[in-house]
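# Inside the fold
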Amino acid sequence: MKKLITIIFTLLLVLGLSAQTDQGDMLLGANTNFTLVSSSVISGSIDGEAIDDDLISDAVTTTSLAEAQFGYFLINNLVVGPYLTYTGTKVEVEGVDDLEGSAMTYGAFMRYYIGGVAFVGGSYGMQTQSAWDDWDDKPTVMLLSGEAGFSLFLSDNVAFTPRASYQITSTKQEVFDVDVVENKGALVLTAGLTIHL
């Protein structure tokens, strides 16, 4: 992992040409995220009756995420391209075997730069999860999001890119011969590095 990080930062330093959002230029982006959440249920009830405290457990969830995207500027300030996101999750509960899983999302994104710095955009993707490997009827998961952010240039063509996005996740699955659809929305804040070539 150290070698990969060293190679990436060396590449970023070597590629100090000029930041461009002109037609024919390319964009290479990477985001990473590590989250540790310790959560516990305070109280609960089933059919109006309180759950005993000894049935409520603490859980520690660790989530890591890595995202890569490659874009091509079709016209000045408008970039489109594919993206790939890997998410790994581990849930630890005392006295129980750890639960681990991963998800892979692949799709396409587009982004329009305003003044070569600020941007708005969107993406559409499909997701698969390792937990579904043994399932006969795998769910279909689609992700649609809109984003806004800006590029804070660290050198001529390397930018720190914070962004905020609103993501809608739609899951469709057949359960006992009944189609079940679940739609969720989430506000996502992330940041990463972007190379403009």
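Structure's up top.
Values in this document were obtained by computation on a predicted structure and should not be read as measured data. (Residues numbered from 1 in each chain as written. Predicted model: local features only at pLDDT ≥ 70, side-chain atom pairs only at ≥ 80, totals over all residues. Heavy atoms only, no water.)

Turning to the overall build of the protein, a few remarks are in order. Summing up its helical and strand segments, the protein has one helix and 11 strands in all. The proportion of buried residues among the 197 residues of the protein is 28%. Taking as baseline every contact in the protein between residues at least 6 positions apart, the subset at least 24 positions apart corresponds to 58%. Here the protein displays about 12700 Å² of accessible surface, and carbon together with sulfur accounts for 61% of that area. (Helix = DSSP H or I, 4+ residues; strand = E, 2+ residues; numbered from the N terminus. Buried < 20%, exposed > 50% of the residue type's maximum accessible area, 1.4 Å probe, protein only. Contact = heavy atoms within 4.5 Å. Areas by Shrake-Rupley, 256 points an atom, 1.4 Å probe, with all protein chains shown as cover.)

Summed over all chains, the structure comprises three salt bridges. In this structure, Glu147 and Arg111 form a salt bridge, with 3.0 Å as the shortest nitrogen-oxygen distance. Taken together, the residues Glu147 in strand β8 (residues 140-150) and Arg111 in strand β6 (residues 99-114) connect sequence positions 36 residues apart. Exposure remark for Glu147: the relative accessible area of 12% places this residue in the buried category. The closest approach of N and O atoms between Glu147 and Arg163, which form a salt bridge, is 2.9 Å. On the criterion of sequence distance, the pair formed by Glu147 in strand β8 and Arg163 in strand β10 (residues 158-175) is long-range, its members being 16 residues apart. The burial state of Glu147 is the same as that of Arg163; both residues are buried. Taken together, the salt bridges that share partners define one network made up of Glu67, Arg111, Glu147 and Arg163. (Salt bridge = Lys/Arg side-chain N within 4 Å of Asp/Glu carboxyl O.)

By size, the foremost hydrophobic cluster in this structure holds seven residues: Leu27, Phe73, Val79, Tyr83, Phe109, Tyr113 and Phe119. Breaking this core down by element, the ones donating at least two residues are β5 (78-93) and β6. Aside from chain neighbours lying at most four places away, what touches Tyr83 is Glu67, Ala68, Gln69, Thr105, Tyr106, Gly107, Ala108, Phe109, Ser123, Tyr124 and Gly125. (Core = buried A, V, L, I, M, F, W, Y, C linked by side-chain atoms within 4.5 Å.)

The subject of this paragraph is the packing of aromatic side chains. Under the counting rule described, the total for this entry stands at two aromatic pairs. Between the aromatic rings of Phe73 and Tyr113, the centroid separation amounts to 5.9 Å while the plane-to-plane angle is 45°, which identifies the pairing as tilted. In this pair, Phe73 is assigned in strand β4 (residues 58-75) and Tyr113 in strand β6, connecting sequence segments 40 residues apart. For Phe73, a relative accessible area of 0% gives the class buried. By relative accessible area, which is 0% here, Tyr113 ends up buried. Members of the aromatic cluster, connected to one another through ring pairs, are Phe73, Tyr113 and Phe119. Positioned above the aromatic ring of Phe119, the side-chain terminus of Arg111 is 4.1 Å from the ring centre. (Phe/Tyr/Trp six-rings, centres within 6.5 Å; stacked < 30°, edge-to-face > 60°. Lys NZ or Arg CZ within 6 Å of the ring centre and 35° of its normal.)

With that settled, the discussion passes to the environment of Val117. Inspection of the secondary structure puts Val117 in the loop between β6 and β7 (118-129). We classify Val117 as partly exposed; its relative accessible area is 36%. Considering only alpha carbons, one finds Val117 and Gly149, 32 residues apart in sequence, at a separation of 8.6 Å. Residues within four places of Val117 in sequence aside, it is in contact with Gly149, Phe150 and Ser151.

In short, the description is geometric, and any link to function would need to be established separately.
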